[in-house]
Each structure stands twice: as C-alpha cells, then as structure tokens.
Amino acid sequence: MSKDRVVLAYSGGLDTSVAIGWIKEATGADVITVAVDVGQGGEDLEVIRQRALDCGAVEAYIADARDEFAEEYCMPDLQANGLYQNAYPLVSALSRPVIVKHLVTAARQFGANIVSHGSTGKGNDQVRFEIGITSLAPDLKCIAPVRDLALTREAAIEYAESHNLPIETTKHNPFSIDQNVWGRAIETGYLEDLWNAPTKDVYSYTDDPTYPPLPDEVIITFEKGIPVAIDGKKVTPLQAIQEMNRRAGAQGVGRIDIVEDRMVGIKSREIYEAPGAMALMEAHRELERVTLDREQARFKERVSLRWSELVYEGQWFSPLKRSLDAFILDTQEYVSGDIRMVLHGGRATVTGRRSDSSLYDFNLATYDEGDSFDQSHAKGFIELTGLASKLAAARDVEFGKGVAMPKLNLS
C-alpha cells in the first residue's frame, strides 16, 4: 500500500517549517512543500527550498509567479476597480488562487492526495484555499495543521527546538503580516484595540505623507484597461506595479485603516498599504469616466462590488465570477489613453486625461463659441424625464395625499 503524500503551502517561516514534521507524525504521510513568489520579498526561493528539505520535506516545489500574479490576478482587479467594501484592493485574496493553482500542480506532479495550508479556524484564508483547491481538484483532501492539529506558536517553537530544525524561533513580530507586490496587510497586536492609532513601525511600503518630497508628476498609458507605459517607457504589468509602488509609496499614497467584515462574521481591524494599486486604480477609474458609456459605467459599479465580494470570499474559480469577468473585459475595449497624475502628500490626484476613444466632445461640453449643443431639445427632454413623476403627483393630489409644502416663517 502506497504512503499518502501531502502538499504543503510553505512560506519558509516557523509555523510551516514545523508543520512538515508535525503532519508526518500526525498522519504518517510524506510532505512536499510548495513555495510561491508573488512579490512578497524576503528570502530567495532556493534558500526556502533548501530549508524545507532540511526540515524533512521529501520534495520542495518552488515557483516564481510574480509576472503570473501581476498579469492574471492584479490586472483583472484593476480592470474591475475591485475594492472590498469600497475601501481597499484585494491584497491577500488575490494571491490565494495563484498559490492554489501551484499547490494543485504540485499535487498532480508528485502524486499527492492531500493539500495542507497554514490558515487558522477564524480567518478568511481557510475558505479561500479550500474552495479554490476543491474547485480545481475535487478529489483532493484538505487539512490545516493550525486549525485541525492544534499547532500553536508555543507548540511550534517547542517542536522546532526539540527537533533542532534550522529555523529562527526567537523573533516575534507583534503583527500578523501578509504581503505581495499588490500590497501589504497588517493586523493583530495593539491594532486590535480600535482606538489605537498605527505607529510608524506598521508601515513598510509607504513613507510618512506628513513630510513628503516634492510633488511627483507621472503619466500612465493604458491599453484596454492595462497599464503599458509610464512616462512614455514601456512596462509590463509587474513593472508598472513595482514602479508605482516606488513612486506612490514615497509620497505616502495608499495607506488604509479599516474595520472589515470577515466571512465568518467577525469584524477585524486591518491596516493596508497599497501605493501602486491605489494610484493605478485612481488613474484607471478616471480613464473609464471618459471612455465608458454612462449606463455601462453605472452598471459596472454594481458588478465591481459583487466581483470584489466573490474574490474576497474565495470564489475566484466560480461560475458567477467567470461570467462577471466576461462583462468587465468587454467594458475595457475602449479604456485606452493617457492619465496624468500628481503624487504628493498621501494623494494621487488626476490632472489630465486624453484618449482617442474618449466619449467627451468638447464642442458639446463647451459654453463658449463653437457650442454645438442644440438647447431647444432640452425642454422636451425635461418633459419626458419628469412625466412619470408628474403623473404620480397628480394622482396623489386627487386622493388627497399631495406632498406637504414647508411652512414659511414670515415673522
């Protein structure tokens, strides 16, 4: 009888390093680790790979998915203007499906029948990982050592020390941090008291906007909703995000402090840093304002909200998400052109727009000489627009339910 094999989402840190041996002892299965680079920075993938093997993994799969993440996950978020609770780009939620894809790929490659992740029992990631895994590979089982095997930090430290694992066990960050090229999410510690303001040590991607450098003017060129050049220099999606992270981050753009609604019903205080994402999204929204039809733009706002909720809730591979993707992609057909913006003091302010596919007509908009708008059409337009309300108001008067008028004080 062949031994079970478990694919483990591996960060290289204490908890997932300990989980290698912990899973093997608890289940008897061999462990294959999967480390995916989505632009989180830190250690080299080869260093992480070797640590996994030193901690007992039988195989260690690594993937540089930075371009994949930027092109296939961050760009759809940008095209959708995807902000959870209309507040922040989907920093963590976007990275989970790309990690899931590599977990499933590794499971198939190494003949594993179980996938493991390091999520807790009250967070969102357990849902995102497991729904994603079962959506791509319904035959795979999922386990979570922290949730299912009672793997606490204290137990992890004790295990690492007793087994002489090559992992740091003394460093303790008061915050729980998740980061990638699209942004950075910080929670726990003293931030759990909603009255406590974030201190400087919370931030890493952004500088203090209170004392900013001189204003930074930037021109971003889009093709079908995707940034393709910055200040005339061609860029890939990954390069666009990295460049705007650098420039917008230097001006303190993209700091977000929010109490959000988790899937399990808990309200959680989160700090986000997403300088590149927020600056690009502001530019993209402004370009849409001049290239999308009014009704198309109005409906897209509703679609964007639902799209963001689906991604947040781990439904990246769902049929509804796929259908909304098709609508969003169609809206981007004419979202091409240049946006000029000024980055300064925590703000990304659009100061110029130009597009060959713009719906803005200067001759219709101007009040000066050259005005081509036929104002004689306005009277009939008003009559038709107000006709339904006029008929309803007449009925109210007939039945004695007219709108009460405010009393005038003439004293």
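Counting restarts for each chain, with residues numbered from 1 along the sequence as it is written. Predicted model: local features are reported for residues with pLDDT of at least 70 only, side-chain atom pairs are reported and counted for 80 or more only, and whole-chain, interface and lining totals are derived from all residues. Note that water and hydrogens are dropped before the side-chain values are worked out from all heavy atoms of the structure.

**A few points about the overall build of the chain**
For the chain, the helix and strand inventory stands at 14 helices and 16 strands. For the chain, the C-alpha atoms occupy an extent of roughly 85 × 55 × 50 Å along the three principal directions. Exposure is judged per residue with a 1.4 Å probe applied to protein chains only, and the accessible area is read against the type maximum: over 50% gives exposed, under 20% gives buried, and values in between give partly exposed. When the 411 residues of the chain are sorted by exposure, 46% land in the buried category. What sets the accessible areas is the Shrake-Rupley method with a 1.4 Å probe; for residues, cover comes only from the shown protein chains. Summed over all atoms, the accessible surface of the chain reaches about 21800 Å², with 52% contributed by carbon and sulfur. Secondary structure counts use DSSP, requiring at least four H or I residues in a row for a helix and at least two E residues in a row for a strand, with both numbered from the N terminus.

**As for the sheet that holds strand 2 (residues 30–37)**
Neighbouring strands of a sheet are bound in pairs by backbone hydrogen bonds; such pairs are parallel or else antiparallel. When DSSP finds two or more bridges between a pair of strands, those strands are recorded as paired. Taken together, the five strands give an open sheet; going across it, the order is 3-2-1-6-7, and neighbouring strands pair in parallel fashion. Of all the strands in the sheet, the pair left with one neighbour each is strand 3 (59–64) and strand 7 (141–143). Here the strands of the sheet are splayed against their neighbours by 25 degrees on average, with no regard to which way each runs. Relative to strand 6 (residues 114–116), strand 1 (residues 5–9) runs parallel, the two sharing three bridges. Its bridge partner being in strand 6, Val7 is matched across the sheet by Val115. For this analysis, residues touch if any pair of their heavy atoms sits within 4.5 Å. Note on geometry: axes are C-alpha line fits, over the in-contact stretch for helices, and angles between N-to-C directions span 0 to 180 degrees. The strands touched by helix 4 (residues 91–110) are strand 1, strand 2, strand 3 and strand 6; relative to strand 3, the strand with the most contacts, the crossing angle is about 140 degrees.

**Brief notes about the pattern of salt bridges**
For this analysis, a salt bridge means a side-chain nitrogen from Lys or Arg found within 4 Å of a carboxyl oxygen belonging to Asp or Glu. Throughout the structure, instances matching the rule amount to 31 salt bridges. Linking Asp178 and Arg96 is a salt bridge whose minimum nitrogen-to-oxygen distance equals 3.3 Å. Residue Asp178 is found in strand 8 (residues 176–180), and its partner Arg96 is found in helix 4; the two are separated by 82 residues along the sequence. Here Arg96 falls in the buried class, since its relative accessible area comes to 8%.

**Looking at the pairing of strand 1**
Counting buried positions along strand 1 gives four out of five residues, so the element sits mostly inside the fold. Relative to strand 2, strand 1 runs parallel, the two being bridged by five bridges. Following the sheet pairing, Ala9 is matched in strand 2 by Val34. When the strands point away from the viewer and the connection leading from the first strand across the helix to the second strand turns clockwise, the crossover is called right-handed. Read as a crossover between parallel neighbours, the route from strand 1 over helix 1 (residues 14–27) to strand 2 is right-handed.

**Focus on the side chain of Glu260**
Structurally, Glu260 is set in strand 13 (residues 255–261). Among buried charged residues, Glu260 stands out as having no salt bridge; its nearest opposite-charge side chain is Arg262, 5.6 Å away. We call two N or O atoms a polar contact when they sit within 3.5 Å, provided that within protein one can donate a hydrogen and the other can accept it, with sequence-adjacent residues counted only if both atoms are side-chain atoms. Of note is the side chain of Glu260, whose polar atom sits 2.7 Å from the side chain of Tyr272. Ignoring sequence-local partners within four residues, the contact set of Glu260 consists of Tyr84, Gln85, Tyr88, Asn124, Ile266, Lys267, Ser268, Glu270, Tyr272 and Tyr312. In this tally, Lys and Arg are treated as positive and Asp and Glu as negative; His is ignored, and so are the chain termini.

**Details of the packing of aromatic side chains**
Here the aromatic set is Phe, Tyr and Trp, taking the six-membered ring for Trp, and pairing holds for ring centres within 6.5 Å; pairs whose planes are under 30 degrees apart are stacked, those over 60 apart are edge-to-face, and all others are tilted. Within the structure shown, the criterion is met by nine aromatic pairs. Centre to centre, the rings of Phe175 and Tyr190 are 5.5 Å apart; their planes meet at 70 degrees, and the pair counts as edge-to-face. One end of the pair, Phe175, is in the loop between helix 7 (153–162) and strand 8; the other, Tyr190, is in the loop between strand 9 (183–187) and strand 10 (216–223), with 15 residues separating them in the sequence. Residue Phe175 is classed as buried on the basis of its relative accessible area, which comes to 10%. Aromatic pair Trp307 and Trp316: ring centres 6.0 Å apart, planes at 70 degrees, arrangement edge-to-face. When sorted by exposure, Trp307 lands in the same class as Trp316, which is buried. Through a chain of ring-to-ring contacts, the aromatic side chains of Phe69, Tyr73, Trp307 and Trp316 assemble into a single cluster. Over the face of the ring belonging to Tyr312 we find Arg128, whose NZ or CZ atom lies 4.8 Å from the ring centre. Only Lys NZ and Arg CZ are tested; either one counts as a charge over a ring when it is within 6 Å of the ring centre and within 35 degrees of the ring normal.

**Notes on the side chain of His117**
Among the structural elements, His117 can be located in the loop between strand 6 and helix 5 (125–136). Classification of His117 by relative accessible area gives buried; the value is 0%. If we ignore the near neighbours within four places in the chain, the residues touching His117 are Ala9, Gln126, Phe129, Glu130, Ile143, Ala144 and Pro145.

**Overview of the nonpolar core**
The criterion is simple. A nonpolar core is a set of buried Ala, Val, Leu, Ile, Met, Phe, Trp, Tyr and Cys residues joined through side-chain atoms within 4.5 Å. Residues Phe69, Leu103, Trp182 and Trp307 are the most contacted members of the largest nonpolar core, which totals 80 residues. Residue contributions to this core peak at eleven residues, all from helix 4. Counting residues in each nonpolar core, the second largest holds 27 residues, with Val6, Tyr10, Leu45 and Ala160 among its members.

**What to know about a nonpolar patch on the surface**
A cluster of nonpolar residues, Leu384, Leu387 and Leu391, forms a patch on the protein surface that exposes about 320 Å² of accessible area. In this fold, Leu391 is placed in helix 14 (residues 387–398). What goes into a patch is any residue over 30% in relative accessible area without a salt bridge, connected to like charges within 9 Å or, for nonpolar side chains (Val, Leu, Ile, Met, Phe, Trp, Tyr), within 5 Å.

**Structural notes on the packing of helix 10 (residues 294–312) against helix 11 (residues 319–331)**
One can describe the packing of helix 10 onto helix 11 by two numbers: an axis separation of 10 Å at closest approach and a directional angle of 145 degrees. Helix 10 and helix 11 meet at a crossing whose hand is left-handed. Judged by residue contacts, Gln296, Phe299, Lys300, Val303, Arg306, Trp307, Leu310 and Val311 of helix 10 engage Leu320, Lys321, Leu324, Asp325, Phe327, Ile328, Asp330 and Thr331 from helix 11. Grouping the amino acids of the contact of helix 10 with helix 11 by side-chain chemistry returns nine nonpolar, two polar and five charged. Rotating anticlockwise by less than a right angle from the far helix to the near helix defines a left-handed crossing, while the corresponding clockwise rotation defines a right-handed one. Each residue gets one label: Ala, Val, Leu, Ile, Met, Phe, Trp, Tyr, Cys and Pro are nonpolar, Asp, Glu, Lys and Arg are charged, and the others, such as Gly, are polar.

**A closer look at unusual backbone geometry**
With a phi angle near 50 degrees, Gln85 is a residue other than glycine that sits in the positive phi range. Its location among the elements puts Gln85 in the loop between strand 4 (83–84) and strand 5 (88–89). With a relative accessible area of 29%, Gln85 lands in the partly exposed category. A positive phi angle, near 55 degrees, is found at Asn86, a position not held by glycine.

**Some remarks on helix 1**
To estimate how far a helix should reach, multiply one less than its number of residues by 1.5 Å. Taking 1.5 Å as the rise per residue, helix 1 with 14 residues should run 20 Å; its terminal C-alpha atoms sit 20 Å apart, in good agreement. Throughout, the bend at a residue refers to the angle made by two axes, fitted to the seven residues ending there and to the seven starting there. When the local axis directions of helix 1 are compared, the greatest deviation, roughly 30 degrees, occurs at Ile20. The set of residues buried in helix 1 consists of Leu14, Thr16, Ser17, Val18, Ala19, Ile20, Gly21, Trp22 and Ile23.

Interpretation note: all reported values are geometric properties and have no functional meaning in isolation.
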